Amino acid sequence: MKPLLITDCDEVLLHMVKHFGAWVGEAHAIDFTPDGADFANSMRRRDGGPAPTREEMWDMLGGFFPDEMHRQTLVPHAAEALARLAEQADIVVLTNITDACKPARIEQLARFGIAHRVECNQGGKGDPVARLRAEYGDPVTVFVDDLAVHHESVARHAPEVHRLHMVSEPTLAPNVPPAEHAHARIDDWREAADWIAARFAAGVGA
């Protein structure tokens with residue numbers, strides 16, 4: 001049985017926040033300075049008006065996905081790392097965007113040479129990770145994500161899964177503490193691939 005890698009996309013495989021920030025500046029005259037916390041609290045209108053509400057922030061994200069996804073760029077070494085790991089493992093990209101964006105995400109990743117199964121999700125990732133692991137026969141599984149809330153969710157629903165916290169955006173990573181419920185924090189795919197391969201080689205759960 002092959003091991004299984006379940007990885008997030010935005011700020012793990014593809015850069016998103018800096019491109020989203022550029023777009024909201026152009027399209028909405030908003031300065032976006034993410035600090036690793038709530039997106040809504042990172043937005044300031046250039047005309048001095050009231051900060052965008054959470055609902056407005058979600059509407060802006062809906063404007064970025066999928067119409068502006070072409071702006072996104074590949075995280076260094078991500079494609080090479082996945083190609084290496086795919087020689088021994090099944091890979092699923094578990095991304096928190098709407099199902100309507102799934103074809104655009106698949107096409108987007110394929111342009112960067114990443115052609116693996118894509119599953120869309122909303123909310124915590126623990127339950128979908130548990131379901132995916134069961135579908136593949138409960139193999140040794142590694143989960144990679146940039147958000148601590150998802151590591152907590154996976155720890156609760158699939159505690160046997162190895163959990164790697166990765167924040168690939170260099171302007172964001174220093175402001176994001178290691179996720180409490182992850183087993184390791186690595187922000188570079190070259191080192192991360194070694195860590196993941198070692199978990200696979202050990203052949204046991206977390």
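A brief look at the structure comes next. (Residues numbered from 1 in each chain as written. Predicted model: local features only at pLDDT ≥ 70, side-chain atom pairs only at ≥ 80, totals over all residues. Heavy atoms only, no water.)

**Some remarks on the pairing of strand S6 (residues 90–95)**
Moving on, step 1. Most of S6 is tucked away: 5 of the 6 residues are buried.
Moving on, step 2. Sheet topology places strand S1 (residues 4–7) next to S6; 4 bridges connect them, and they run parallel. For Leu4, the partnering residue across the bridge sits in S6 and is Asp90.
Moving on, step 3. The pairing of S6 with strand S7 (residues 117–120) spans 4 bridges and is parallel. Across the sheet, residue Thr95 finds its bridge partner in S7, namely Cys120.
Moving on, step 4. Once you follow S6 into helix H4 (residues 102–111) and on to S7, the crossover reads as right-handed. (Buried < 20%, exposed > 50% of the residue type's maximum accessible area, 1.4 Å probe, protein only. Helix = DSSP H or I, 4+ residues; strand = E, 2+ residues; numbered from the N terminus. Pairing = 2+ DSSP bridges. Right-handed = clockwise from strand over helix to strand, strands pointing away.)

**Observations concerning the side chain of Glu11**
Moving on, step 1. Turning to its location among the elements, Glu11 is positioned in the loop between S1 and strand S2 (14–15).
Moving on, step 2. In this structure, Glu11 is buried with no salt-bridge partner, the nearest side chain bearing the opposite charge being Lys18 at 7.5 Å.
Moving on, step 3. At 2.5 Å, the side chain of Glu11 forms a polar contact with the backbone nitrogen of Val17.
Moving on, step 4. Setting aside residues up to four positions removed in sequence, Glu11 forms contacts with Met16, Val17, Asp146, Met166, Val167, Ser168 and Glu169. (Lys, Arg positive; Asp, Glu negative; His and termini not counted. Salt bridge = Lys/Arg side-chain N within 4 Å of Asp/Glu carboxyl O. Polar contact = N/O pair within 3.5 Å; in protein donor to acceptor, adjacent residues only side chain to side chain. Contact = heavy atoms within 4.5 Å.)

**Structural notes on the pattern of salt bridges**
Moving on, step 1. In this structure the tally under the stated criterion is 16 salt bridges.
Moving on, step 2. When the shortest N-O distance is used, the salt bridge between Lys125 and Asp145 registers 2.7 Å. With Lys125 in the loop between S7 and helix H5 (126–135) and Asp145 in strand S8 (residues 141–145), the pair connects residues that are 20 residues apart, well separated along the chain.
Moving on, step 3. The class for Lys125 is buried, based on a relative accessible area of 1%.
Moving on, step 4. Where Arg131 meets Asp127, a salt bridge forms, and the shortest distance between an N and an O atom there is 2.2 Å. Within this pair, Arg131 and its partner Asp127 are both found in helix H5, separated by 4 residues, close to a single helical turn.
Moving on, step 5. Within the structure, one salt-bridge network assembled from shared partners comprises Asp8, Lys125 and Asp145.

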